[in-house]
Amino acid sequence: MIPFPVRALMTGAFTIALSTPVSGALAASAVPSGTSADTVDAPSPQTRADLARAMRGEAFANAAYRLYAAQAQREGLPSVARLFERTADVELGEHFKEEAALSGLVGNDAANLSAAMAGETYESQKLYPGFARQAKADGESTTATLFSEISRDEGGHARAFGTALRAVESGQGNVPAPPKAKPVQVPQGPPKVHAQQTKSNLDTAMHGEALAYAKYRLYAEHSKNSAVAKLFRGNADVELHEHFADAAGMAGLVGTTRANLTKAIAGERYESQTMYPTFAKRAKVAGDSQAAARFSNNAEDEAGHARAFQQALDRLP
């Protein structure tokens, strides 16, 4: 994952304190109720919160590293691009997925659709309108427009998930067709915003959109209904390739490959040396042995990622 000030849990271009819970619908939607796809003992509240924070960070790392891979390709560094892509695959396909199983993230189609609808409703009616108002007050008109556009999109997603939920529960009606994403390129560049609160809100937006992508892909993977699976995948693509990408460009997330590797190294070292060991210790004390083992294993993986990124940085001309 990607770090910034060491005062907090380094999950992205900004931070979340280790002692600060993930707030609002992001916390609620990170661990929805329902039957887990994998049978595990229910973790303690603290471990559950740590799993939610870890999943949010792993989802962000997956999204950010894919943008870094694209930048490396633009700089004619295909081996670095492949390294970022492989690491992104581990963050999403292993770490996020395994933490999701322990947290009970995935339910049946009805539970997943209900959770998705609730999250999108919150974002469309409260989160993004509030961000837009703040950006306007900060004099960040372009960012205010972006937040308003995302708000409208999320309202459409909420309605589609609601329609699908009614169809699944009643056995009548049709699941809506999935939306088609219009991928946004994110070139290297500085932040386009200056106000600190709007910068922070962009960070929240990026983490939320990356998390939505990861969750919806997992929901699709476990869906028993092909139309529901397609709806989740289509929405996931919009969250990543449009919303996350737009916010990342506004926030100046992508730097040169040298800068991107430097951020990645610091983040992976923080996770391997501080974040995951802290989570593992707390899980062990709580008696959550499966989570403790998972956190410890992830710490080892992240240390390996840091070494690989450092080697790639050392080889740059």
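None of these values were measured; they are calculated from a predicted model. (Residues numbered from 1 in each chain as written. Predicted model: local features only at pLDDT ≥ 70, side-chain atom pairs only at ≥ 80, totals over all residues. Heavy atoms only, no water.)

Participant: Go over the overall build of the protein, please, and point to the residues and values.
Facilitator: Counting secondary structure elements, the protein contains nine helices and zero strands. For the protein, the α and β elements follow one another from N to C terminus as α-α-α-α-α-α-α-α-α. Buried residues in the protein amount to 55% of all 317 residues. As displayed, the protein offers around 13,400 Å² of accessible surface, 51% of which is attributable to carbon and sulfur atoms. (Helix = DSSP H or I, 4+ residues; strand = E, 2+ residues; numbered from the N terminus. Buried < 20%, exposed > 50% of the residue type's maximum accessible area, 1.4 Å probe, protein only. Areas by Shrake-Rupley, 256 points an atom, 1.4 Å probe, with all protein chains shown as cover.)

Participant: Got a sec to walk through the packing of helix α4 (residues 109–137) against helix α5 (residues 141–170)? Specific residues and values, please.
Facilitator: Packing of α4 against α5 leaves a shortest axis separation of 8 Å and a crossing angle of 160°. The angle between the axes of α4 and α5 places the two elements in the roughly antiparallel class. Relative to α5, α4 is oriented so that their crossing is left-handed. Within the contact of α4 with α5, the residues separate by chemical class into 17 nonpolar, nine polar and six charged. (Axes fitted to C-alpha atoms, helices over the stretch in contact; angles between N-to-C directions. Parallel < 35°, antiparallel > 145°, perpendicular 65-115°, else oblique. Left-handed = near helix turned anticlockwise from the far one by under 90°. Nonpolar A, V, L, I, M, F, W, Y, C, P; charged D, E, K, R; others polar.)

Participant: Report on the nonpolar core, specifying residues and quantitative values.
Facilitator: The biggest cluster of nonpolar side chains holds 75 residues, and the ones touching the most others in it are F84, F96, F232, F244 and L253. When near neighbours in sequence (up to four residues on either side) are disregarded, F96 contacts M55, E58, A59, E91, L105, L211, A214, K215 and L218. (Core = buried A, V, L, I, M, F, W, Y, C linked by side-chain atoms within 4.5 Å. Contact = heavy atoms within 4.5 Å.)

Participant: Got a sec to walk through helix α2 (residues 45–74)? Specific residues and values, please.
Facilitator: Between its first and last C-alpha atoms α2 spans 44 Å; for 30 residues at 1.5 Å apiece the expected length is 44 Å, and the two agree. In terms of residue burial, α2 counts as a mostly covered element, since 22 of its 30 residues are buried. (Expected span 1.5 Å × (residues − 1).)

Participant: Give a description of the packing of aromatic side chains that names residues and reports values.
Facilitator: Working definition: an aromatic ring pair is given by the centre-to-centre distance plus the angle between the planes. With the rule as written, the count across this model stands at 17 aromatic pairs. Centroid distance Y65 to F84: 5.6 Å. Interplanar angle 40°. Geometry classified as tilted. Within this pair, whereas Y65 is found in helix α2, its partner F84 is found in helix α3 (residues 78–103), the two being separated by 19 residues in sequence. Owing to a relative accessible area of 0%, Y65 belongs among the buried residues under this scheme. Take F84: its relative accessible area is 0%, and that puts it in the buried class. (Phe/Tyr/Trp six-rings, centres within 6.5 Å; stacked < 30°, edge-to-face > 60°.)

Participant: Lay out the packing of α5 against helix α6 (residues 196–222) in plain terms, naming residues and giving numbers.
Facilitator: The angle between the axes and the distance between the axes are what describe a pair of packed helices. Packing of α5 against α6 brings their axes to within 12 Å, and their N-to-C directions diverge by 25°. Taken together, the axes of α5 and α6 are roughly parallel relative to one another. In this structure, the crossing between α5 and α6 has a hand that is left-handed. Between α5 and α6, the contacting residues are T143, F147, I150, E154 and F161 on the first element and T198, N201, L202, A205, E209 and Y216 on the second.

Participant: Give a description of the side chain of T198 that names residues and reports values.
Facilitator: Looking at the secondary structure, you find T198 in helix α6. You can call T198 buried: its relative accessible area is 0%. A polar contact of 2.7 Å, which involves the side chain of T198, links it to the side chain of D138. (Polar contact = N/O pair within 3.5 Å; in protein donor to acceptor, adjacent residues only side chain to side chain.)

Participant: Go over the environment of L146, please, and point to the residues and values.
Facilitator: If you trace the backbone, L146 turns up in helix α5. Once the C-alpha coordinates of L146 and Y128 are considered, the two residues, 18 residues apart in sequence, prove to be 9.3 Å apart. When sequence neighbours within four positions are dropped, the list of residues in contact with L146 reads D246, A247 and M250.

Participant: Requested: an account of the pattern of salt bridges, with residues and values cited.
Facilitator: Summed over all chains, the structure comprises six salt bridges. Across the pair K97 and E221 runs a salt bridge whose closest N-O atoms are separated by 3.1 Å. Taken together, the residues span a long stretch of sequence, with K97 in helix α3 and E221 in helix α6 at a distance of 124 residues. One salt bridge connects R294 with E98, and the closest N-O pair in it is separated by 2.9 Å. (Salt bridge = Lys/Arg side-chain N within 4 Å of Asp/Glu carboxyl O.)

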